[in-house]
Amino acid sequence: MQSAIKVENLHKTYAPNGGNKGTHALRGLDLDIKKGEFFALLGPNGSGKTTFINILAGPTLKSKGKVEILGSDIDTHRVKTKFLLGVVPQEISFDSFFTVNEILELQSGYYGIRNNGKHIDEILSKLGLKEKKFTNSRALSGGMKRRLLIAKALIHKPEVLILDEPTAGVDVELRRSMWKYMKQLNEEGLTILLTTHYLEEAEQLCSRTAIIHNGKLVALDKTSELTKEKTLEDVFVELTYESDTGSGTTTDTKPISPNKRANG
Amino acid sequence: MANPLGTYTLFKRETKRFMKVYMQTIIAPVVSNLLYFAVFGLSLRKAIPSIEGVSYLAFLAPGLIVLGMVNNAFQNPSSSIIIMKFQGLIDDLMTIPLKRIELLIAFVGSAVLRAMLIGFMTYLTAIYFVDFSYASISIIILSTILISFFFSFLGLFVGIWANEFERIDFLQNFVMLPLIFLGGVFYPISDLPPLFLKISMFNPVVHMINLVRYGFTGISEVSLITSFAVLGSFTLVMGLATYIALRKGWKLQT
């Protein structure tokens, strides 16, 4: 099966900045997410998830390694790979000058799409934002802003959707409707990479799960395999927090080899 | 993989942004220019009745046109980028599928449009005060375009460099404003003492105002070739520096 996202030996080191020492955020990450997967990438805060996503999307430059999106290298086909991705960032931020409709029209234009009104209406309906079409983004509630971020990411019909903690601060009802929609999109062929701190979401939605810690892969398997004997939360705690406590440091953790998870 | 519609969309976004707050971006600069006309024009025209046969107001108007254009060309991209940084929208900008040259074209294109608009509106308001003569319309057009490009590049570069509004304010108040005011907007630089006159030759604004003023009045205090050479090379260098900064993702990508 074709790889949707393939990374080999990915490293990211942030340069020292003022009083902060440099950080080695990713340390030789290898990952192969297949086309059509609903894939969970889990890890504690500061484990490198957002750095990884930002390297895929563009805001962060990698230090070393290879990244391919649907077979295209991001070093040689940066613009093409951006067309393939839709990204829902962790932070909520909008152009405060514009309405919901204007934001989505501009986003369509950036991706070379003219007259995208029909698709804009469809997405707004699916995400329950149709009535807010001509409202300024500043006037939206937190949950609506999250949904607008999803609408923005989907407006150009990407092949791969990246969701970086999309349900943080979102109420239960909205979360359910959002996941229903995401599931439907996945069934229609959209590859989805999800990072979340709600482990039960990953457990329910994702066919495979990877756990990263201190910039390294510490587990990768079918979600059903990972949760055969324990809950995903137990596995997560064992591989991250307990391994830290065991070694007494957050940087020299000896990871459980992902290769031990047979179906990785 | 060129993305002309994407480039145009970013240009449109930048243009809509300043048009949405037109009171602040279009009307206010024109009103301040009117005040300059009223205050400086009426008071100084008695002290300086005419310069080489040209009335003081006709001498002043090209300087004020340049003043408005410079400020607005600079402010459009610098404020847009710094606001994006504060609103967390820079990551968005780095995610959209545009090449760096396309980002440059969109930001600078919109800033040039705003500067030309301000220049034209200042000219229209000046018509009520001044009997313009037109020594060379082509020099007026060429020099105003170059001026707009230079300060648009500078504004974009400063926006990329600055982490806070204070840096932009510092540059505007402590570098640009002195250069503009010492650049001969309100007086002929040939009136300066010889030492200051020599120093002024290194001020690019002197050459900008000289060209536009020549275009309207036919008065040139510096050789036109020198002024075009200075303005052209400053614009080229600033354009290249801005492109390189964008290309490297300097202060934009982590």
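Per chain, residue numbering runs from 1 following the sequence as it is written. Written order decides the labels, with chains lettered from A and ligands numbered from 1. Thresholds applied to this predicted model are a pLDDT of at least 70 for local features of residues and 80 or more for the giving and counting of side-chain atom pairs; totals over whole chains, interfaces and linings are not thresholded and use all residues. The side-chain values count all of the structure's non-hydrogen atoms but skip hydrogen atoms and water molecules.

1. Observations concerning the overall build of chain B
Where we set the bar: Strands here are runs of E lasting at least two residues and helices are runs of H or I lasting at least four, both read from the DSSP assignment and numbered beginning at the N terminus. Between two residues, a contact is recorded if the distance between any of their heavy atoms is within 4.5 Å. Computed with a 1.4 Å probe, the accessible areas rest on the Shrake-Rupley method; for each residue, only the protein chains presented here act as cover.
Looking only at helices and strands, chain B features 10 helices and 2 strands. Along chain B, from the amino end to the carboxyl end, the secondary structure elements read α-α-β-β-α-α-α-α-α-α-α-α. Over its C-alpha atoms, taken along the principal directions, chain B stretches across nearly 55 × 35 × 35 Å. Taking all contacts inside chain B whose residues are at least 6 apart in sequence as the whole, residues at least 24 apart take part in 79%. Total accessible area computed for chain B in this model is approximately 11,100 Å², and 71% of it derives from carbon and sulfur atoms.

2. Notes on a negative patch on the surface
All names here are of chain A. Note the threshold: Within the patch definition used here, like charges are joined within 9 Å and nonpolar side chains (Val, Leu, Ile, Met, Phe, Trp, Tyr) within 5 Å, considering only residues with over 30% relative accessible area and no salt bridge. In what follows, salt bridge is the name for a side-chain nitrogen of Lys or Arg lying within 4 Å of a carboxyl oxygen of Asp or Glu. None of His or the chain ends enter the tally, which takes Lys and Arg as positive and Asp and Glu as negative. All charge positions are set by atom: Lys at NZ, Arg at CZ, Asp at CG, Glu at CD. The cut-offs for exposure are 20% and 50% of the maximum accessible area for each residue type, with area from a 1.4 Å probe on protein chains only; residues under the lower value are buried, those over the upper are exposed, and the others partly exposed.
Residues E200, E203, E233 and D234 make up a contiguous surface patch of negative charge. Those elements giving two or more residues to the negative patch turn out to be α7 (199–205) and α9 (232–239). Position of E233 among the secondary structure elements: in helix α9. For E233, a relative accessible area of 51% puts it in the exposed group.

3. A closer look at the interface of chain A and chain B
Worth spelling out the cut-off: Buried area is understood as the total, over both parts, of accessible area removed when two parts are fitted together, assessed with a 1.4 Å probe. Think of a polar contact as two N or O atoms within 3.5 Å of one another; within protein, one of them needs to be a possible hydrogen donor and the other a possible acceptor, and neighboring residues in sequence only count if both atoms come from side chains.
At the interface, 28 residues of chain A touch 27 residues of chain B. On the chain A side of the interface with chain B, the three residues burying the most area are A:P59, A:F97 and A:Y110, jointly 27% of the side's total. At the surface where chain A touches chain B, the tally comes to 4 salt bridges. A salt bridge links A:E102 to B:K16; the shortest N-O distance between them is 3.7 Å. Between the two partners, chain A and chain B, sit 15 residue pairs in polar contact (both at pLDDT 80 or more). For the side of chain A that touches chain B, the elements supplying multiple residues, two or more each, are β1 (3–14), α1 (49–57), α2 (78–84) and α3 (100–110) of chain A.

4. What about the sheet that holds strand β6 (residues 85–88) of chain A?
Residue and element names in this part refer to chain A. We count it as follows: A strand pair is defined by DSSP finding two or more bridges across the two strands. All axes are obtained by fitting lines to C-alpha atoms, using only the stretch in contact for helices, and the reported angles, taken between N-to-C directions, cover 0 to 180 degrees.
Taken in spatial order, the 6 strands of this open sheet run β6-β7-β8-β3-β9-β10, and their pairing is mixed. Both outer strands of the open sheet, β6 and β10 (216–222), are each paired with one neighbouring strand and no more. Each adjacent strand pair in this sheet contributes to an overall mean axis angle of 15°, direction not counted. In the sheet, strand β7 (residues 160–164) pairs with strand β8 (residues 191–195) via 5 bridges, with the strands oriented parallel. Residue pairing for β8: I162 is matched across the bridge by L193. Where helix α6 (residues 172–187) meets the sheet, its contacts fall on β3 (38–42), β7 and β8, and the angle it forms with β3 comes to roughly 125°. Most of the contacts of α9 go to strand β9 (residues 208–213), to which it runs at about 25°, and overall it touches β3, β9 and β10.

5. Some words on the packing of helix α3 (residues 56–87) of chain B against helix α9 (residues 204–217) of chain B
All names here are of chain B. Applied cut-off: Should an angle fall under 35 degrees it is called roughly parallel, over 145 degrees roughly antiparallel, and 65 to 115 degrees roughly perpendicular, with every other angle called oblique. Crossings are assigned a handedness: left-handed for a near helix turned anticlockwise from the far helix by less than a right angle, right-handed for a clockwise turn.
In contact at an axis separation of 9 Å, α3 and α9 are set at 135° when each is read in the N-to-C sense. The angle between α3 and α9 falls in the class oblique. Crossing angle aside, the handedness with which α3 passes α9 is right-handed. Together, A58, F59, L60, P62, G63, I65 and V66 of α3 and M208, I209, V212, R213, F216 and T217 of α9 make up the contact between the two elements.

6. A look at the pattern of salt bridges
Tallying each qualifying case throughout the model produces 15 salt bridges over all chains. Among the salt bridges present, the one from A:K66 reaches A:E68, with a minimum N-O distance of 3.3 Å. Owing to a relative accessible area of 36%, A:K66 belongs among the partly exposed residues under this scheme. A salt bridge links A:K133 to A:D121; the nearest nitrogen and oxygen atoms lie 2.8 Å apart. Residue A:K133 is found in the loop between α4 (117–126) and α5 (142–154), and its partner A:D121 is found in helix α4; the two are separated by 12 residues along the sequence. A residue is classified by how much of its surface remains accessible, and A:K133, at 15% relative accessible area, is buried. Here the residues in one salt-bridge network are A:D95, B:R13, B:E14 and B:R17, joined through shared partners.

7. Details of the layout of surface pockets
Which entries qualify depends on this criterion: In this analysis, the protein atoms alone were mapped onto a 1 Å grid. Cavities are point sets where a 1.4 Å probe fits without being able to get out; pockets are open sets with protein on both sides within 12 Å along at least five of seven lines; lining residues have an atom within 4 Å of a point. Grid points are joined across faces, edges and corners, and a volume is the space filled by probe spheres set on the points. Amino acids are sorted into nonpolar (Ala, Val, Leu, Ile, Met, Phe, Trp, Tyr, Cys and Pro), charged (Asp, Glu, Lys and Arg) and polar (every other residue, Gly among them).
Its volume calculated, the largest pocket comes out at about 520 Å³. As for the largest pocket, its lining consists of 21 residues, of which A:I74, A:D75, A:R78, A:V79 and B:R100 are closest to the centre. The volume enclosed by the second largest pocket comes to roughly 450 Å³. Counting residues per element, the ones that place at least two in the lining of the second largest pocket are α1, β6 and α5 of chain A together with α4 (90–95) of chain B. Ranked by residues supplied to the lining of the second largest pocket, first place goes to α1(A) with 5 residues. Of the residues in the lining of the second largest pocket, the class split is 10 nonpolar, 10 polar and 5 charged.

8. Considering a nonpolar patch on the surface
Residues and elements named next belong to chain B. A grouping of Y22, M23, I27, V31 and L35 is seen on the molecular surface, where their side chains present a nonpolar patch of about 470 Å² in accessible area. Within the fold, V31 resides in helix α2 (residues 22–47). Here V31 falls in the partly exposed class, since its relative accessible area comes to 39%.

9. Some remarks on the packing of α3(A) against helix α1 (residues 4–20) of chain B
At a minimum axis separation of 7 Å, α3(A) and α1(B) run at an interaxial angle of 150°. One way to sum up the angle between α3(A) and α1(B) is to call them roughly antiparallel. Together, A:E102, A:L106, A:G109 and A:Y110 of α3(A) and B:L5, B:G6, B:T9, B:L10, B:R13, B:K16 and B:K20 of α1(B) make up the contact between the two elements. Along the lines of polarity and charge, the residues of the contact of α3(A) with α1(B) split into 4 nonpolar, 3 polar and 4 charged.

10. Here's the deal with the confidence of the model for chain B
Residue and element names in this part refer to chain B. Selection rule: In predicted models, pLDDT denotes the confidence assigned by the predictor to each residue on a 0 to 100 scale.
Mean pLDDT over chain B works out to 92, with 100% of the residues at or above the 70 mark. Across chain B, the secondary-structure element scoring lowest on mean pLDDT is strand β1 (residues 50–51), at 80, and the one scoring highest is helix α6 (residues 137–161), at 97. Taken together, the chains of this predicted complex give a pTM of 0.90 and an interface ipTM of 0.88.

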